[in-house]
Amino acid sequence: MRGDRLDLLDPLEVSALGGIELVAEGVVEGFLSGLHRSPYRGFSVEFAEHRPYQPGDELRYLDWKVVGRRDRLYVKQYEEETNLRATLVLDVSRSMAWSGDREHRLTKFDYATRLAAALALVLLRQRDATGLIGFDDEVRCAIAPRARAGQWHALVRALLELEPRGGTAAEGALSRVTGLLRRRGLVVFISDLLVDRDLVLLALRYLRHRGHQVVVFHLMDPAEADLAAAGQSRFVDPETGDGVVASPRDLRRDYRATVERVVAAWRRSLRSGGIAYHHVSTATPFGHALRRAAAGRARLG
Amino acid sequence: MVFLQPFALLLLGFGVVPPLLHLFQRRRPPDVEFPAMRYLRQTEREAQRTIRLRHLLLLLLRVAAVVLVALAAGRPVVPARVGAGHEPTALVLVLDNSLSSGAVSGGTRAFDDLAARARETLGAAQPADALWLIGADGVARRGSREELLAAVAAARPEARRLDLSAAVATAARLVRASGYARGEIHLLSDVQRTAFGAPDSAAAGLALLVYHPVADPPANRAVVSAHATPATWVAGAGAVTAAIGGAPVPAGPKVPVTVTLGGRAGGRALVAAPDVATLGVTAPLAGWAAGEVDLEPDELRADDGRPFAVRVVPPATVAWDSAEAGPFLGAALGSLARAGQVRAGGGGAVRLGPPPPAGAPPGAAAVVFPPRDPVALGAANRALAAAGVPWSFGPRIEREDTLAAPRLPEINGARVTGRYRLVNPSAEAPRSVLARAGGDP
């Protein structure tokens, strides 16, 4: 079964199958078929129909009256409602165009665009209005949330036109979201979080304060989480060009501890503000990331 | 602690190489694009002290490694007393007290230095050790520490040559046969090149410690041989021929050589090395006498003197008939008598003249002349036969011949114009002939 589901395959292998659109559709199909229950049915109050119980269905949707009358298990299904406006905020700075092993892993940018496309498709299929903001030093693209047909293709086109460059200034993009989401909605922030932490935290908390559900995907290449044990090198920041001479052999253990500390600090800071935080490696299958986002969407109701 | 290869300590200079490399390493590392620089900077900032300390320790370790290699190359030897003791060991001391060990350098005799080392080694020995001492005689003596210390104290440079190769081979066999797990051979010698015999691998795999005095052997002269000339002296005086050996010293001063015989000083000469000196000495008493030829002492005392012995006999008493001996022989005998080499007398041991009459004392020596009158030749032959002499005078030969007398160089080659051929019918006769003329005795 797993071999048929693109959402569980290695991201690089999945990406080799075609463009963003095809990959996103394949991933979403696999993702939805793997769900034992649809998280996108049942949160509405308008009853639609009964269907026989399948293993994995939540017991709360069992219709106990029917069980009593017919001695058979049925669950109730409800009509979906489009009551959510979601915005995907995507970091397209220069640092995102990096992979520690280009032969075996996607760059953070490639991973982020495919993840964003798949997320948009999932949201749009349940009639959620979905929009997109791409940013680096400034906002590069902004598509207002819509639920109309063709929105997804518009989003995919925008993703294809984005090119990673420049530095990272997320606070501007996040404040732009405030303008795009006039009522309660979902904000999915996808970034490597190589940003000014205090400013970004402030902006995210502000969004949360405005009643938005905020989900942060912290993308990280495995080579960023653990330095390869190479000899002395001059490490150059692709965004600023600044360099530091260091020996990974000397720093490796301390560096790993630093990264763990940083991730823990992000998680602690965001979750304390009611913001969902997901640390995602670019080697993680897309389905895992989608599942986390779906859980956030379900909580939103 | 001493170093057997002190020059290897020059390698300590390489100890500055790691710090120099550390300080002056200018290699530019390759550039690597890395977006998570903020994590790297933060890590470096936090770990800077640790990394510096680690680098410093690494530097110290590298320097220490170089220093240790240099010290190891110097082959340090720690005296046993420094440690708490050692496991039971089979130890063979080869103490080279051959003649050359008597050489004095810087006021110290080489042997004294070697003996001090031997005492030092024996002093560190324990009762459980098996100890042997091999001296210049090549004999291995086993004993306790105290016994061998006494043997070392009693040892002196001897006029012997110790074959160091053979001595070490003997020591190796002793160590292997001892059954001890640990064995050592200590060779204490001035390690002269000529002291090594045929190469021997018997000591392969064993611990062999060689100690030799630091100073080079000094220039040396020696009395190589001394013998009386001739071998038997007539009481009164004689001569001793001494050969002086040693490395020639260009423009070096000549040194005096003296001779003593029976405690009496004899002649004296100045010699250079190598040289041969003939020294006169008085020998008043008959019998065997011991003497010695001595050089002025140099750094190697042991070969500065050489003994000799000579047999001194009293002068022979000679009786001769002046008429028969003739004027020349009479004058010669008179000169010898005046010089004390012969003594004239009727009852002498040697008689010169015609054949002795019957009844002459047996064993008395006689020099028999043929009679001046050929008619008396038959009577002379009869007298010789009566005295038991197998020789007789043959016919007179008037012909010029050359005398062949290898054992009498004084008359060898002399011309002879007239002679009597000597006749001896016995088979042993040719061996007693001193001279021949024309092939005849």
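Reading the values: rules and limits
Residues numbered from 1 in each chain as written. Chains lettered and ligands numbered in written order. Predicted model: local features only at pLDDT ≥ 70, side-chain atom pairs only at ≥ 80, totals over all residues. Helix = DSSP H or I, 4+ residues; strand = E, 2+ residues; numbered from the N terminus. Buried ≥ 20, exposed ≤ 12 C-beta atoms within 10 Å, placed from the backbone. Contact = placed C-beta atoms within 7 Å. Pairing = 2+ DSSP bridges. Axes fitted to C-alpha atoms, helices over the stretch in contact; angles between N-to-C directions. Parallel < 35°, antiparallel > 145°, perpendicular 65-115°, else oblique. Nonpolar A, V, L, I, M, F, W, Y, C, P; charged D, E, K, R; others polar. Bend = angle between axes of the 7 residues up to and from the residue. Expected span 1.5 Å × (residues − 1). pLDDT = per-residue confidence, 0-100.

1. Section: the overall build of chain A
Of regular secondary structure, chain A possesses 10 helices and 10 strands. The buried share of chain A, taken over its 301 residues, is 42%.

2. Points about the overall build of chain B
Within chain B, the regular secondary structure consists of seven helices and 25 strands. In chain B, which comprises 441 residues, the proportion classed as buried is 23%. Once local pairs closer than 6 in sequence are excluded, the contacts in chain B between residues at least 24 apart make up 66%.

3. Things to note about the pairing of strand 18 (residues 305-313) of chain B
Residues and elements named next belong to chain B. Summarising the sheet, strand 12 (residues 232-234) and strand 18 pair through three bridges and their orientation is parallel. Bridging across to strand 18, T232 finds its partner in R311. As judged from the eight bridges shared by strand 17 (residues 287-295) and strand 18, these two strands associate in the antiparallel manner. Following the sheet pairing, G291 is matched in strand 18 by F308.

4. Some words on the packing of helix 3 (residues 110-123) of chain B against helix 4 (residues 145-154) of chain B
In a pair of packed helices, the angle between the axes and the distance between the axes together describe the arrangement. All names here are of chain B. Following both chains from N to C, one finds helix 3 and helix 4 inclined at 175°, their axes separated by 10 Å at the closest point. Our classification of the angle between helix 3 and helix 4 gives roughly antiparallel. Two secondary-structure elements touch here, helix 3 through A115, A118, R119 and L122 and helix 4 through R145, L148, L149 and V152. Looking at side-chain class alone, the contact of helix 3 with helix 4 contains six nonpolar, no polar and two charged residues.

5. Remarks on helix 2 (residues 37-73) of chain B
An α-helix turns once per 3.6 residues; consequently, residues spaced three or four apart project the same way. Helix geometry: helix 2 of chain B is bent most strongly at A47 of chain B, by close to 60°. By the burial criterion, the buried members of helix 2 of chain B are M37, Y39, L40, T43 and E44 of chain B. The secondary structure elements touched by the buried residues of helix 2 of chain B are strand 8 (233-236), strand 9 (243-246) and helix 9 (248-272) of chain A.

6. Overview of the packing of helix 4 (residues 108-125) of chain A against helix 5 (residues 151-161) of chain A
Residues and elements named next belong to chain A. The geometry of helix 4 relative to helix 5 is characterised by a closest axis approach of 10 Å and an angle of 170° between their N-to-C directions. By the angle between their axes, helix 4 is roughly antiparallel relative to helix 5. Counting all contacts with helix 4, which are made through T113, A116, A117, A120, L121 and L124, the residues of helix 5 involved are Q151, W152, L155, V156 and L159.

7. A word on the sheet that holds strand 24 (residues 415-423) of chain B
All names here are of chain B. One open sheet holds the three strands; their spatial order is 24-23-25, and the pairing between them is antiparallel. The sheet terminates laterally at strand 24 and strand 25 (436-437), the two strands that pair on one side only. Sheet topology note: the strand 23 (residues 392-404)/strand 25 ladder contains two bridges and is antiparallel. Within the sheet, the bridge partner assigned to A404 lies in strand 25 and is R436.

8. Digging into helix 9 of chain A
End to end, helix 9 of chain A covers 34 Å across 25 residues, agreeing with the expected 36 Å (1.5 Å per residue, within 8%). Of all the bends in helix 9 of chain A, the greatest, near 35°, is centred on D254 of chain A. Looking at helix 9 of chain A, one finds that the buried residues are L251, Y255, T258, V259 and L270 of chain A. For helix 9 of chain A, the secondary structure elements touched by its buried residues are helix 7 (197-209), strand 7 (213-220), helix 8 (222-225), strand 9 and strand 10 (276-281) of chain A together with helix 2 of chain B. The first or second residue beyond helix 9 of chain A is G274 of chain A, which carries a positive phi of 75°.

9. Brief notes about the sheet that holds strand 18 of chain B
All names here are of chain B. Spatially, five strands are ordered 12-18-17-14-15 in an open sheet, and the strand pairing comes out mixed. Sheet topology places strand 12 and strand 15 (264-271) at the edges, where each strand pairs with a single neighbour. Taken pair by pair, the neighbouring strands of this sheet meet at an average axis angle of 30°, ignoring direction. As paired elements, strand 14 (residues 255-261) and strand 15 share six bridges and run antiparallel to each other. Bridged to P256 within strand 15 is L270.

10. Structural notes on the environment of L285 of chain B
Residues and elements named next belong to chain B. Topologically, L285 is positioned in the loop between strand 16 (275-283) and strand 17. By the C-beta count within 10 Å, which is 10 here, L285 ends up exposed. Spatially, the C-alpha atom of L285 lies 9.4 Å from that of V234, the residues being 51 residues apart in sequence. Those residues in contact with L285 that sit more than four places away from it in its chain are A235 and V312.

11. Thoughts on the interface of chain B and chain A
Frequently, the measure chosen for interface size is the accessible area removed from exposure when the parts meet. Taken residue by residue, the interface counts 20 residues in chain B and 24 residues in chain A. By the bridge criterion, three bridges tie strand 8 of chain A to strand 2 (residues 31-33) of chain B in an arrangement that is parallel. In the strand pairing of strand 2 of chain B, V236 of chain A is matched with E33 of chain B.

12. Re the pairing of strand 7 (residues 130-134) of chain B
Residue and element names in this part refer to chain B. A large share of strand 7 lies buried, amounting to four of its five residues. Bridge analysis of strand 4 (residues 89-95) against strand 7 gives five bridges, and the strand direction is parallel. Note on strand 7: the bridge partner recorded for L93 is L133. Where strand 7 hands over to strand 8 (residues 140-142), the hairpin turn is made up of five residues, of which G138 adopts a positive phi near 80°.

13. A short note on unusual backbone geometry
The omega torsion across T229 of chain B and P230 of chain B is -10°, close enough to zero to call that bond cis. The topology assignment puts P230 of chain B in the loop between strand 11 (221-229) and strand 12. Its identity as a non-glycine residue notwithstanding, D71 of chain A has a phi of 60°, on the positive side. Tracing the chain through its elements places D71 of chain A in the loop between helix 3 (64-70) and strand 2 (74-78).

14. Considerations on the confidence of the model for chain B
Residues and elements named next belong to chain B. With 91% of its residues at a pLDDT of 70 or more, chain B shows a mean pLDDT of 83. At the level of individual helices and strands, chain B shows its lowest average pLDDT in strand 21 (residues 350-353), which scores 70, and its highest in strand 7, which scores 93. Across the interface, the model reports ipTM at 0.75; the global pTM reads 0.46.

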